[in-house]
Amino acid sequence: MNVTHESRNDADPGAGTAESDDRNEVRLGANVGATVTAWQRGEDTLNLYVNYRDTFKPAAIDFGIGEADAGGADAGRLILKPETSRSVEGGVKGRFFNRRMEWEASGFFMNFSNLVVAILGQDGNPHLTNAGEEQFKGFEGGASFFLPHDLIARANYTYHDARFTRFTALADDGSGVIENFDGKRIEVSPQHLAAVSVFYAPNHGLLGGVSMNYTGSRFLDRDNNILAEGFPTVDLSAGYRTPRWEIRVDARNLADRRDPVAESEFGDAQYYLMTSRRVEGGVTVHF
């Protein structure tokens, strides 16, 4: 059982205003799963699994722009409804060729309620609101190959369909018209993701590798009118490893792609861009 209590007090001495709100939530949660070994020979196995989750969490608070519910019994509340989800996932995973190959394939389905999204309020300012109900479904698969000479190759692919199933909000053009987004894809949510990589990873000595990630096309607006093209990114890594310590340098986003990858909460048609080209270093010591 999950129990949460939230309280909030906002005051503006200059304007002589003060607001307060509180919310208590009591909700049962569940996480049930099972794994069955369908086949085994030596170190090679084939497993089937299934998992069900029923969860919730309090809505995030952003004190920079405030919150405003789109309507209904909670209109005007400072604290939004908690986000809740019910999901089921199932699939198969296994190891073959004396553990030289590992692979997994799974499908998932989730009903999500009260997702927090940014909207343009009647005052012309950005606000946060609960976005009714959404549905997420798809599948993913991946494989790892442990090749001779300490080479490791990996590949994976994900199909993810994220849509509003019940959500209405004021139009962003300030007309006061209520728009219905039922059936629309959630903005900045790509349906296709893929990655491939090859790494040289001995227990001792020089190491390194290259990886490429692909992010598919996604709509930049809730009306699903503006489609951004998919894009790839390439990363390189190099380092040196001993049984006791490891030093590593990673170069990310070599092509310096700056594609939009997330919607900003600060207003319509504003987005967070892909992080620019960067180099990261690190040292790991095993005690």
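None of these values were measured; they are calculated from a predicted model.

1. Some points on the nonpolar core
1) Next: Among the nonpolar cores identified, the biggest contains eleven residues, and these are Phe 112, Leu 115, Val 117, Ala 131, Phe 136, Ala 162, Phe 164, Phe 167, Ala 169, Phe 181 and Ile 186.
2) Next: For Phe 112, the residues in contact, after removing those within four places along its chain, are Glu 83, Thr 84, Ser 85, Gly 132, Glu 133, Glu 134 and Phe 136.

2. Looking at the side chain of Asn 253
1) Next: Relative to the elements of secondary structure, Asn 253 occurs in the loop between strand E18 (245–252) and strand E19 (260–263).
2) Next: Owing to a relative accessible area of 1%, Asn 253 belongs among the buried residues under this scheme.
3) Next: Only 2.8 Å separates the side chain of Asn 253 from the backbone oxygen of Thr 275, close enough to count as a polar contact.
4) Next: Apart from residues no more than four positions distant in its own chain, Asn 253 is found in contact with Thr 233, Val 234, Asp 235, Met 274, Thr 275, Ser 276, Arg 277 and Arg 278.

3. Points about the environment of Leu 273
1) Next: By the element assignment, Leu 273 lies in strand E20 (residues 271–273).
2) Next: Assessed through its relative accessible area of 42%, Leu 273 is described here as partly exposed.
3) Next: Residue contacts for Leu 273: discarding those within four places in its chain leaves Arg 258, Asp 259, Pro 260 and Val 261.

4. Brief notes about the side chain of Ser 189
1) Next: By the secondary structure assignment, Ser 189 is in the loop between strand E12 (178–180) and strand E13 (192–200).
2) Next: Among the residues examined, Ser 189 registers a relative accessible area of 12% and is labelled buried.
3) Next: When sequence neighbours within four positions are dropped, the list of residues in contact with Ser 189 reads Ala 162 and Arg 218.

5. Examining the packing of aromatic side chains
1) Next: Applying the stated criterion to the full structure yields eight aromatic pairs.
2) Next: Ring geometry for Phe 96 and Trp 103: centres 6.1 Å apart, planes at 15°, overall stacked.
3) Next: Among the aromatic side chains, those forming a connected cluster through ring pairs are Trp 39, Phe 96 and Trp 103.
4) Next: A cation over an aromatic ring shows up here: Lys 93 above the ring of Tyr 49, its NZ or CZ 5.3 Å from the ring centre.

6. Some details on the pairing of strand E17 (residues 231–241)
Two faces, one strand: in a regular strand the side chains alternate between the faces of the sheet.
1) Next: Where strand E14 (residues 205–215) and E17 come together, eleven bridges link them in antiparallel fashion. Within E17, the residue paired with Thr 215 across the bridge is Phe 231.
2) Next: Here E17 folds back onto E18 in antiparallel fashion, the turn holding three residues.

7. Focus: the sheet that holds strand E21 (residues 278–285)
1) Next: As summarised here, the arrangement of the eleven strands in space is E3-E4-E5-E6-E9-E10-E13-E14-E17-E18-E21, forming an open sheet in which the pairing is antiparallel. The two strands at the open ends of the sheet, each matched to only one other strand, are strand E3 (30–41) and E21. Strand after strand, the sheet turns through a mean of 10° between neighbouring axes, direction not considered.
2) Next: Pairing analysis gives 13 bridges linking strand E4 (residues 44–57) to strand E5 (residues 83–96), with the strands arranged antiparallel.

8. Some points on unusual backbone geometry
1) Next: Non-glycine residue Asp 150 carries a positive phi angle of around 65°.
2) Next: Here Asp 150 shows up in the loop between strand E9 (133–147) and strand E10 (151–166).

9. Some remarks on a nonpolar patch on the surface
1) Next: A surface patch of nonpolar side chains, about 800 Å² in accessible area, is lined by Phe 145, Leu 147, Leu 151, Val 196, Val 198, Tyr 200, Val 210, Met 212, Val 234, Leu 236 and Leu 254.
2) Next: Elements that contribute at least two residues to the nonpolar patch include exactly E9, E13, E14 and E17.
3) Next: Per-element accounting of the nonpolar patch gives the leading share, three residues, to E13.
4) Next: Classification of Tyr 200 as partly exposed rests on a relative accessible area of 36%.

10. A look at the confidence of the model for the chain
1) Next: On average, the chain scores 85 in pLDDT, and the residues at 70 or more come to 77%.
2) Next: Mean pLDDT across the elements of the chain bottoms out in strand E1 (residues 2–12) (62) and peaks in E13 (98).
3) Next: In this model residues 64–73 is a low-confidence stretch, pLDDT under 50, and it forms 29 contacts with partners more than four residues away in sequence or in other chains.

11. Let's talk about the pattern of salt bridges
Oppositely charged side chains can form a pair if their charged atoms are brought close together.
1) Next: Per the stated rule, a full pass over the model turns up 13 salt bridges.
2) Next: Two residues, Arg 163 and Asp 161, come together in a salt bridge whose shortest N-O distance is 3.0 Å.
3) Next: Through salt bridges with shared partners, a single ionic network connects Asp 235, Arg 248, Asp 250, Arg 252, Arg 278 and Glu 280.

12. Observations regarding the environment of Ala 262
1) Next: Here Ala 262 shows up in strand E19.
2) Next: For Ala 262, a relative accessible area of 29% translates into the label partly exposed.
3) Next: The spacing of Ala 262 and Val 188 is 74 residues in sequence and 5.8 Å in space, taken between C-alpha atoms.

13. Things to note about the pairing of E18
1) Next: Of the pairings in the sheet, the one linking E17 to E18 comprises six bridges and is antiparallel in character. If you follow Gly 239 over to E18, its bridge partner there is Arg 248.
2) Next: Note: E18 against E21, eight bridges, orientation antiparallel. Its bridge partner lying in E21, Trp 245 is registered against Val 285.

Thresholds applied
Residues numbered from 1 in each chain as written. Predicted model: local features only at pLDDT ≥ 70, side-chain atom pairs only at ≥ 80, totals over all residues. Heavy atoms only, no water. Core = buried A, V, L, I, M, F, W, Y, C linked by side-chain atoms within 4.5 Å. Buried < 20%, exposed > 50% of the residue type's maximum accessible area, 1.4 Å probe, protein only. Contact = heavy atoms within 4.5 Å. Helix = DSSP H or I, 4+ residues; strand = E, 2+ residues; numbered from the N terminus. Polar contact = N/O pair within 3.5 Å; in protein donor to acceptor, adjacent residues only side chain to side chain. Phe/Tyr/Trp six-rings, centres within 6.5 Å; stacked < 30°, edge-to-face > 60°. Lys NZ or Arg CZ within 6 Å of the ring centre and 35° of its normal. Pairing = 2+ DSSP bridges. Axes fitted to C-alpha atoms, helices over the stretch in contact; angles between N-to-C directions. Patch = residues over 30% accessible without salt bridge, like charges linked within 9 Å, V, L, I, M, F, W, Y side chains within 5 Å. Areas by Shrake-Rupley, 256 points an atom, 1.4 Å probe, with all protein chains shown as cover. Salt bridge = Lys/Arg side-chain N within 4 Å of Asp/Glu carboxyl O. pLDDT = per-residue confidence, 0-100.

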